[in-house]
Amino acid sequence: MKLTVLGKYGPYPKSGGACSGYLVEEGDTRILCDIGTGVLARLFKACSPECLDALVLTHFHYDHTSDLLPLCYWLEQNNVTLKVFAPPGSGAWETVLLDHPNLEVVTVRDGETVTLKDVTLRFLQMRHAVNNLAVRVEGGKTLLYTGDTALCPAVFDAASGADLVLADCSKPEGFCGSHMTVVDALTIRRRTGVRVLATHQSPEYDPEPYFRDKTGVRSAQEEILYEI
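What you are looking at is a predicted structure, and each value in this text was computed from that prediction instead of being measured.

**Student:** Can you help me understand the pairing of strand β6 (residues 103–107) in this one?
**Tutor:** Every other side chain in a regular strand lies on the same face of the sheet, so the side chains alternate between the two faces. Bridge count for strand β5 (residues 82–86) against β6 is five bridges, and the pairing is parallel. Paired with Val84 across the strands is Val105, a residue of β6. Traced from β5 through helix α4 (residues 92–98) to β6, the parallel crossover comes out right-handed.

**Student:** Explain the sheet that holds β6 here, please?
**Tutor:** Pairing between sheet strands relies on hydrogen bonds along the backbone, with the strands arranged either parallel or antiparallel. Ordered by their spatial adjacency, seven strands build an open sheet running β6-β5-β4-β3-β2-β1-β14, and the pairing between neighbours is mixed. Edge positions in the sheet fall to β6 and β14 (225–227), since each of these pairs with one other strand and no more. Ignoring strand direction, the axes of neighbouring strands in this sheet form an average angle of 25°. Bridge count between strand β1 (residues 2–7) and strand β2 (residues 21–26): five bridges; the pairing is antiparallel. When the bridges of β2 are listed, Thr4 appears paired with Leu23. Of the strands in this sheet, β1, β2 and β3 (29–33) are in contact with helix α1 (residues 39–46), which crosses β1 at around 145°. Those strands touched by helix α3 (residues 68–77) are β4 (54–56), β5 and β6, and its axis lies near 135° from that of β6.

**Student:** Which parts of the structure should I look at to understand helix α6 (residues 182–192)?
**Tutor:** Listed in full, the buried residues belonging to α6 are Val182, Asp184, Ala185, Leu186, Thr187 and Ile188. Where α6 is buried, its residues meet α5 (153–159), β11 (164–168), β12 (195–199), α7 (208–211) and β13 (217–219). Phi turns positive one or two residues past the end of α6, at Gly193, with a value near 75°.

**Student:** Quick question: what am I supposed to make of the sheet that holds β11 here?
**Tutor:** Here we have seven strands laid out as an open sheet, ordered β7-β8-β9-β10-β11-β12-β13, and mixed in their pairing. With one partner strand each, in any of the chains shown, β7 (113–116) and β13 form the two edges of the open sheet. The mean inter-strand angle of the sheet, taken between neighbouring strand axes irrespective of direction, is 20°. Here strand β9 (residues 133–138) runs beside strand β10 (residues 142–145); their pairing, made up of four bridges, is antiparallel. The residue of β10 that forms the bridge with Glu138 is Thr142. Across the sheet, α6 lies against β11, β12 and β13, angled at about 160° from β12, the strand it touches most.

Analysis parameters
Position labels on residues start from 1 in each chain and follow its written sequence. Under the rules for a predicted model, residues below a pLDDT of 70 receive no local features and side-chain atom pairs below 80 are neither given nor counted, while totals for whole chains, interfaces and linings still include all residues. Note that the side-chain values use all heavy atoms of the structure and ignore hydrogens as well as water. Two strands make a pair as long as DSSP finds a minimum of two bridges between them. Each helix is a run of DSSP H or I of at least 4 residues and each strand a run of E of at least 2, with the numbering of both proceeding from the N terminus. The definition of a right-handed crossover adopted here requires that, viewed with the strands pointing away, the path from the first strand over the helix to the second runs clockwise. Interaxial angles span 0 to 180 degrees and are taken between N-to-C directions of axes, which are lines fitted to C-alpha atoms, for helices over the stretch in contact. What makes two residues a contact is simply this: any of their non-hydrogen atoms within 4.5 Å. Here the term buried applies to any residue with accessible area under 20% of the maximum for its type, exposed to any over 50%, and partly exposed to those in between, with areas from a 1.4 Å probe on protein chains only.

Spelled out as structure tokens, the structure:
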């Protein structure tokens, strides 16, 4: 299984960077997890959108979804339909995003599983300011992508048995809010034994120095391909 970090910032990108977007490849299966600001241009470097088997949206915040709008132009011009897995949503932004004839939208909920060619996708409820479903991508290896979440028991349950956790845990120590901190990243590692790749980085804070002497926890690097 391969993971390419197309973007890692939130809630807006650093100059020259991109918000959340992660390309997961297993065999002939390609899945894009989230598509925030700046992700589409980097996706073109990795593969054509027509090669995607699905797009997974963990939740509907702008920094995880905004590049779906220009992607729809590409889909329309190239007569390509893209399957989108997303949690339930009924707001105006969700309607703007998903009401397009070139999107095949599948609503998923906590505990549901989907088999997609070489992988199984498992969707698991996390704790965020809006409805957020983590996704476990299970194939030859297992990747858990948390989406956005505060630390909660569901994180540990979802990470159990995975080979890598791509986690929203890049906020500085002492941060209060619906995201995890660098300290939480170490807690996930200690409680589960799973390697942690910390993402959803603020443009003003680099967590990598905090992780430098820690084992099994690193900060995600953009446009890098990770072998899981």
